[in-house]
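# Structural overview
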Amino acid sequence: MPLRAKVATSVSKTAAALSRAAGRGDGSVIGGWIGLKIDPELLSHLATGRAIALVSGTNGKTTTTRLAAAALGVLGPVATNSFGANMPTGHTSALAKAGQTPFAVLEVDEHYLPRVIDETKPRVVALLNLSRDQLDRAKEVAMMAQLWRTALAGHPDVNVVANADDPMVVWAAYGSQKVTWFSAGQRWQDDSWVCPESGDPIERENGDWWCTGCPLRRPIPQWRVEDEGVIDPRGDWHLVKLQLPGTVNLGNAATALAVAAEFGVRPIEALPRLSTVTSIAGRYAQVDRDGRNIRLLLAKNPASWLEAFDMAEQAPTLLSINARDPDGFDTSWLYDVDFAPLYGRPVLITGERAYDLAVRLEVNGIPFQHVRTFEEALATVPPGRLEVIANYTAFQDIRAELDRVN
Amino acid sequence: MSTEALRIVWIYPDLLSTYGDRGNLLILARRAALRGIPVETYSVRSDQPMPASADIYLIGGGEDGPQALAAQRLINDGGVHRAVNQGAAVLAICAGYQLFGHSFFAKGAKCPGLGLLDLHSDRGETRAVGELRGDVDPRLGLPPLSGFENHGGRTHLGPNAFPLARVTAGIGNDGQTEGAWAGKILGTYSHGPALARNPAIADLLLRWATGADSLAPVDDTWAERLRAERLAAAGA
Ligand SMILES: [Zn+2]
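Quick notes on the rules
Residue indices follow the written sequence of each chain, beginning from 1 at its first position. The naming scheme follows written order: chains are lettered A onward, ligands numbered 1 onward. Restriction of local features to residues with pLDDT of at least 70 applies here, the model being predicted, together with a cutoff of 80 or more for giving and counting side-chain atom pairs; totals for whole chains, interfaces and linings are based on all residues. Side-chain measures here rest on the full set of heavy atoms in the structure, leaving out hydrogens and waters. Only DSSP runs of H or I reaching four residues or more are called helices, and only runs of E reaching two or more are called strands; each is numbered from the N terminus. Note on method: radius of gyration uses C-alpha positions; expected globular size equals 2.2 Å times residues raised to 0.38. For the exposure calls, accessible area comes from a 1.4 Å probe over protein chains only, and a residue counts as buried if that area is under 20% of its type's maximum, exposed if over 50%, partly exposed in between. Computed with the Shrake-Rupley method and a 1.4 Å probe, the accessible areas treat only the protein chains shown as cover for residues. Charge counting treats Lys and Arg as positive and Asp and Glu as negative, with His and both chain ends excluded. We put the charge of a Lys on NZ, of an Arg on CZ, of an Asp on CG and of a Glu on CD. A pair of strands is considered paired only if DSSP assigns at least 2 bridges between the two. We call a crossover right-handed when, viewed with both strands directed away from the observer, the connection leading from the first strand over the helix to the second proceeds clockwise. Should any heavy atoms of two residues lie within 4.5 Å, those residues are considered in contact. Helix axes are fitted only over the stretch in contact, all axes being lines through C-alpha atoms; the angle between N-to-C directions runs from 0 to 180 degrees. Distances decide who is a donor: an N, O or S atom must be within 2.8 Å of the metal, or within 3.2 Å for Na, K and Ca. Water is not included, so sites may look incomplete. Working rule for geometry: tetrahedral if four donors all subtend angles between 85 and 135 degrees; square planar for four, octahedral for six, if opposite donors exceed 155 degrees and the others stay between 65 and 115; irregular in every other situation. UniProt positions are given in the numbering used here, feature names are shortened, and annotations may be inferred rather than shown by experiment. Polar contact criterion, stated in full: a pair of N or O atoms within 3.5 Å, where within protein one must be able to donate a hydrogen and the other to accept it, and residues adjacent in sequence count only if both atoms are side-chain atoms. By definition in this entry, angles of less than 35 degrees are roughly parallel, angles greater than 145 are roughly antiparallel, angles of 65 to 115 are roughly perpendicular, and the rest are oblique. In this scheme the handedness of a crossing depends on how the near helix is turned from the far one: anticlockwise by less than a right angle means left-handed, clockwise means right-handed. Gly counts as polar in this scheme, as do all residues outside two lists: the nonpolar Ala, Val, Leu, Ile, Met, Phe, Trp, Tyr, Cys and Pro, and the charged Asp, Glu, Lys and Arg. Any Lys or Arg side-chain nitrogen located within 4 Å of an Asp or Glu carboxyl oxygen qualifies as a salt bridge.

Turning our eyes to something else, we now look at the overall build of chain A. Across its full length, chain A carries 14 helices and 17 strands. Since a compact globule built from 406 residues should have a radius of gyration of about 22 Å, the 21 Å found for chain A is in line with a globular shape. With the principal axes as the frame, chain A shows a C-alpha extent of 60 × 60 × 40 Å. Counting over 406 residues, chain A shows a buried share of 59%. Carbon and sulfur atoms form 51% of the exposed surface of chain A, whose accessible area is close to 16000 Å². If the 40 positive side-chain charges of chain A are averaged to one point and the 47 negative ones to another, these points end up 8 Å apart.

Set out below in structure tokens:
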């Protein structure tokens, strides 16, 4: 490593420690920011000599990154950005903090994937899904797919692991010649009814999909979910025992196994490690308080709301939404989500934009009760499970009430 | 289509449905049902013929490409023109509002609109993003407009279209006026599920469509709380 990079790494570690000591965040971004100011190529230097997997997509990337890092742990120490700091500053911090590790698994914000591929020269890139997310800022879904496709075409040596169920992802992955397909399902389909190749309608039937005007169609996946397990490319079925809820996380596990296999890790070696993952930065965390077992589910866009409904049990459910900067100021996405799966569950609502939610639920015909605080919600429900589904800053608010549970 | 039910058409949800536009269809259908008015709703895709015989037409927002494509197909189809000539009511939102005028700009080019509202749209120097609030044309007898806008267009009204509202916060058409109405056509930059915050506009469309002078009141406790919160948040 050049001297400049060494100095930058050292400063980067110190800044991160200072940031933590000052109680300002977890230090996962500020250190990388200072390091990159001193050496703009620091990320490239830190990546050199490591076998790296990048994980990107609109949803599930934090969880899949954590699972893939656990799986690669079979081979040795793995650097990872486990706080979800998924831009180059976060990657720089994560690699600097980890020291010399032979492996790294990095979660990457969709917009930054081309740049991070350029700078880290990964062995594997995993593409999960693409759907609408904070539309008042983000690029159109089709533009994002184009961005990915172009980036992959420029790196023919990268092994791509991609979701066969998402037409936008499949089209993006075809920028590469080296693709392993997995099937992780596509709960949200409203951003992929039009073929990104030809502009023709896409038809769907029984999990299959195809373009009505060109050859683009669902590739046959080598990895797929079946019952409570995953089928590998040889056709062997493996029982997957996770502490994370929902079939969505089975799909994330299948993805993690496919990524690990690119490094030579067999499912039978990886599976025990996947089952040790309990929660990720508070997501899926369970907290017992006042006889209530509270489980936290993060839902930050329409697709992930549908996934959260799938994960939540038939139990009292607290919904909380805010509309601060990280959430997007616009709440119109509420009408992209069908709340019907909540019908029959006792529903409580709270958060800074609870009234938006109230009007939405009324239109959906879902009875609800408004509570002003999390404490009030706890007092309102009987002992037992309370599912909490919240968008980004509302989730952080509730996590703070629960002593920043991880 | 039966003849008794109120028929509501959602125009081209495959092209123009970027910001929860479905909400307007759901809200209209619900408010009609609460008054005992039977409703049939139709989502008409851009590859399907546009029926001319419905009572209310909804059109939503979208990106430049789909907006230009939607305008072209609606001009070629002619169904919406026939419906309007037969007295149908229309709620047009954002990109859908622009394409009801004579012309609009998409991807740097001037595109012909349906010409059903006397207005044309061009590009503003800045994007208008944020809370929108305005005092509605008194002839419509509605409370203040509340909305969220997110558009790069500026809209200029001709003599045969009236401003829907005078802007008190946000940009709307040009910083002075917001939206437009003429006959039974109503357009606004208040995007996405505009009727969630403006149930009185939903009821106006239902009155236009049914010919009723008034509708039975419904419990709007939550909508009123939402309105009060958002109008206050927009400032004055
Ligand atoms: Zn095609």
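Now that the structure has been shown, the text picks up again.
Residues and elements named next belong to chain A. Of the two faces of strand β15 (residues 347–350), the one carrying Val347 and Ile349 and the one carrying Leu348 and Thr350 are both buried. By the bridge criterion, four bridges tie strand β14 (residues 317–320) to β15 in an arrangement that is parallel. Residue pairing across strands places Ser320 opposite Thr350, the latter belonging to β15. When β15 meets strand β16 (residues 369–370), the two strands line up parallel, connected through two bridges. Paired with Ile349 across the strands is His370, a residue of β16. You can see the chain leave β15, run along helix α12 (residues 354–364) and come back into β16, and the turn it takes is right-handed.

All names here are of chain A. Strand order across the open sheet formed by six strands is β12-β13-β17-β14-β15-β16, with mixed pairing between neighbours. The open sheet terminates on both sides in strands that have one partner only, identified here as β12 (286–289) and β16. Sheet topology places strand β13 (residues 292–298) next to strand β17 (residues 384–390); seven bridges connect them, and they run parallel. Within β17, the residue paired with Asn293 across the bridge is Arg385. Helix α14 (residues 392–401) contacts β12, β13, β14 and β17 of the sheet and is inclined by roughly 150° relative to β13.

Residue and element names in this part refer to chain A. For the zinc ion, the protein coordination sphere consists of Cys195 (SG), Ser198 (OG), Cys211 (SG) and Cys214 (SG), at 2.2 Å. Each of the four donor atoms around the zinc ion contributes to a set of angles spanning 101 to 114°, which defines the coordination as tetrahedral. The motif formed by the donor residues of the zinc ion, counted along the single chain, is C-x2-S-x12-C-x2-C. Of the two residues, Cys195 is situated in the loop between β6 (179–183) and β7 (202–205) and Cys211 in strand β8 (residues 208–211); the sequence distance between them amounts to 16 residues. Note on accessibility: Cys195 and Cys211 belong to one class, buried.

Residue and element names in this part refer to chain B. What UniProt calls "binding site: substrate" (unreviewed entry) maps, in this numbering, to Arg127. Relative to the helices and strands, Arg127 resides in strand β7 (residues 119–136). The residues touching Arg127, leaving out its near neighbours within four places in the chain, are Asn150, His151 and Gly152. Side chain to side chain, Arg127 and Asn150 meet in a polar contact 2.9 Å long.

Next up on the list: the UniProt feature "domain: CobB/CobQ-like glutamine amidotransferase" (unreviewed entry) in chain B. UniProt feature "domain: CobB/CobQ-like glutamine amidotransferase" (unreviewed entry): in the numbering of this structure it lies at residues 7–198 of chain B. Across residues 7–198 of chain B, the secondary structure splits into 22% helix and 40% strand, with the terminal C-alpha atoms separated by 21 Å.

Moving on to the packing of helix α1 (residues 22–34) of chain B against helix α6 (residues 199–210) of chain B. Residue and element names in this part refer to chain B. Axis separation between α1 and α6 bottoms out at 10 Å; the angle between their running directions is 65°. Relative to α6, the element α1 is oriented roughly perpendicular. Viewed along their axes, α1 and α6 form a crossing whose handedness is right-handed. Along its contact with α1, which presents Ile27, Leu28, Arg31 and Ala32, the element α6 presents Pro199, Ala202, Asp203, Leu205 and Leu206. Looking at the contact of α1 with α6 residue by residue, the class counts come to seven nonpolar, no polar and two charged.

What follows covers the pattern of salt bridges. Counted according to the given criterion, the structure contains 26 salt bridges over all chains. Residue Arg149 of chain A is joined to Glu197 of chain A by a salt bridge in which the shortest nitrogen-to-oxygen separation is 3.9 Å. With Arg149 of chain A in helix α7 (residues 141–153) and Glu197 of chain A in the loop between β6 and β7, the pair connects residues that are 48 residues apart, well separated along the chain. A residue is classified by how much of its surface remains accessible, and Glu197 of chain A, at 47% relative accessible area, is partly exposed. Across the salt bridge formed by Asp165 of chain A and Arg218 of chain A, the nearest N and O atoms sit 2.7 Å from each other. One end of the pair, Asp165 of chain A, is in the loop between β5 (159–163) and α8 (167–173); the other, Arg218 of chain A, is in the loop between β8 and β9 (223–226), with 53 residues separating them in the sequence. Connected through salt bridges with shared partners, the residues Arg353 and Asp356 of chain A together with Glu131, Arg197, Glu229 and Arg230 of chain B form a single ionic network.

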